[in-house]
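# Examining the three-dimensional arrangement
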There are 2 protein chains.
Amino acid sequence: MSYPTGTVPGMTSNSYHATVERLWAAAEARDWAAYADCFAEDFVCEMPQTRERVFGRDRWVRFNSEYPGDWHVDVQRIVADDDGAVSWAHVHIGDHLETGISFFTFDDAGRVATLKDFWPEPYEPPAGREHLVERY
Amino acid sequence: MSYPTGTVPGMTSNSYHATVERLWAAAEARDWAAYADCFAEDFVCEMPQTRERVFGRDRWVRFNSEYPGDWHVDVQRIVADDDGAVSWAHVHIGDHLETGISFFTFDDAGRVATLKDFWPEPYEPPAGREHLVERY
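What you see is a predicted model; the values in this text were computed from it and never measured.

## A few points about the overall build of chain A
From N to C terminus, chain A includes three helices and seven strands. Once the C-alpha set of chain A is aligned to its principal axes, its extents read approximately 50 × 45 × 25 Å. Across chain A, the fraction of contacts at a sequence separation of at least 24, relative to all contacts at a separation of at least 6, is 41%. When the accessible surface of chain A is summed, it comes to about 6,700 Å², and 51% of that surface belongs to carbon and sulfur atoms. For chain A, the centre of its 12 positive side-chain charges and the centre of its 24 negative side-chain charges are spaced 5 Å apart.

## A closer look at the side chain of His90 of chain A
Residue and element names in this part refer to chain A. You can see His90 is positioned in strand β4 (residues 84-93). In terms of polar contacts, His90 uses its side chain to reach the side chain of Gln76, at 3.3 Å. Once residues within four sequence positions are removed from consideration, His90 is found in contact with His72, Val73, Asp74, Gln76, Leu97, Glu98 and Thr99.

## Some remarks on the sheet that holds strand β5 (residues 96-106) of chain B
Ordered in space as β7(A)-β2(B)-β1(B)-β6(B)-β5(B)-β4(B)-β3(B), the seven strands form an open sheet in which the pairing is mixed. Both outer strands of the open sheet, β7 (134-135) of chain A together with β3 (71-81) of chain B, are each paired with one neighbouring strand and no more. Sheet topology places β5 of chain B next to strand β6 (residues 112-118) of chain B; six bridges connect them, and they run antiparallel. Bridged to Ser102 of chain B within β6 of chain B is Asp117 of chain B.

## Some words on the relation of the copies chain A and chain B
When chain A is brought onto chain B, the operation consists of a screw motion whose angular component is 180° and whose axial shift is 0.0 Å, with 0.0 Å RMSD remaining. Here the transformation between the copies is reduced to the relation of a two-fold axis. Within chain A, Pro120 of chain A has its C-alpha nearest the rotation axis, a separation of 2.0 Å. The overlap is high: 98% of the interface residues of chain A also sit at the interface in chain B, so the same surface is used on both sides.

## Quick word on helix α3 (residues 57-65) of chain A
In an α-helix, one turn spans 3.6 residues; hence positions three or four apart end up facing the same way. Restricting attention to buried positions, one finds in α3 of chain A the residues Arg57, Trp60, Val61, Phe63 and Asn64 of chain A. On an axial view of α3 of chain A, the arc spanned by its buried residues comes to 155°, and they lie on one face.

## A few points about the interface of chain A and chain B
If you look at the interface, chain A gives 56 residues, while chain B gives 55 residues. Together chain A and chain B conceal approximately 5,300 Å² of surface at their shared face, both sides included; 59% is due to carbon and sulfur atoms. It is Tyr123, Leu132 and Tyr136 of chain A that lose the most area in chain A upon contact with chain B, and together they represent 16% of the buried surface on that side. At the boundary of chain A and chain B, one finds six salt bridges. Here Arg129 of chain A makes a salt bridge to Glu52 of chain B, at a shortest N to O gap of 2.6 Å. Where chain A packs against chain B, one counts 17 residue pairs in polar contact (both at pLDDT 80 or more). Looking at the side of chain A that touches chain B residue by residue, the class counts come to 29 nonpolar, 10 polar and 17 charged. Note that β7 of chain A and strand β2 (residues 52-55) of chain B share two bridges and pair antiparallel. Opposite Glu134 of chain A, over in β2 of chain B, you have Arg53 of chain B as the bridge partner.

What counts and what doesn't
- Residues numbered from 1 in each chain as written.
- Chains lettered and ligands numbered in written order.
- Predicted model: local features only at pLDDT ≥ 70, side-chain atom pairs only at ≥ 80, totals over all residues.
- Heavy atoms only, no water.
- Helix = DSSP H or I, 4+ residues; strand = E, 2+ residues; numbered from the N terminus.
- Contact = heavy atoms within 4.5 Å.
- Areas by Shrake-Rupley, 256 points an atom, 1.4 Å probe, with all protein chains shown as cover.
- Lys, Arg positive; Asp, Glu negative; His and termini not counted.
- Charge placed at Lys NZ, Arg CZ, Asp CG, Glu CD.
- Polar contact = N/O pair within 3.5 Å; in protein donor to acceptor, adjacent residues only side chain to side chain.
- Pairing = 2+ DSSP bridges.
- Least-squares fit on C-alpha atoms with pLDDT ≥ 70 in both.
- Buried < 20%, exposed > 50% of the residue type's maximum accessible area, 1.4 Å probe, protein only.
- Arc of directions from axis to C-beta.
- Buried area = accessible area lost by both parts, 1.4 Å probe.
- Salt bridge = Lys/Arg side-chain N within 4 Å of Asp/Glu carboxyl O.
- Nonpolar A, V, L, I, M, F, W, Y, C, P; charged D, E, K, R; others polar.

Shown next as structure tokens:
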């Protein structure tokens, strides 16, 4: 990643960006020790679409390590600032593509403190806007 | 927004952050001239869930100004870096809550060049992870 001349990205943002890269790489590698290391012990994940909540790093690591299917992660974008980070990831499970969007906050040690996780699914567009859009 | 001591956020990120704040405020105010001003003329929006694409600022402004319902925007989070920005917004339509997640890139003039727009919907959680989660 390169920055335009004259801009000085915050140290903190860089570290958040690196942590999100590292946790996705660890998940893809099934390196659950490295994955756990990215999260605070009292980490909390919320999934607003299902209204599920996972308390604690240990449960979260199990949630992911037990997740069924031969899934593979392809990170599309990470955006980080001084308050946190977001990732947009493609997760391939065979021919099926899932999209995961994750909003992270961090503790003072730079470990993930909270995650809001979204998994948007395909749907049919509502009628009435065909004059403004094309399908791809 | 305040920054921790010792971090220097990039000028560019701040400007992207401000533009995303401005475009949501303009949408909420139905100030379509101010809204249009945030977008490049050859702006493109893609909605991966419906595989819809909107070409051009004019169509995008119409898409939004014609959007049905008495919707109101409550921005939850904006994250910006030197490459772009993301917003997470609640859109209230009466008692109904929609969640919009938007990944933005910008042109050299700082106007929005591209948008990938996601609208995750509620769904029932899959069985088999009840031992790790609670519902809220």
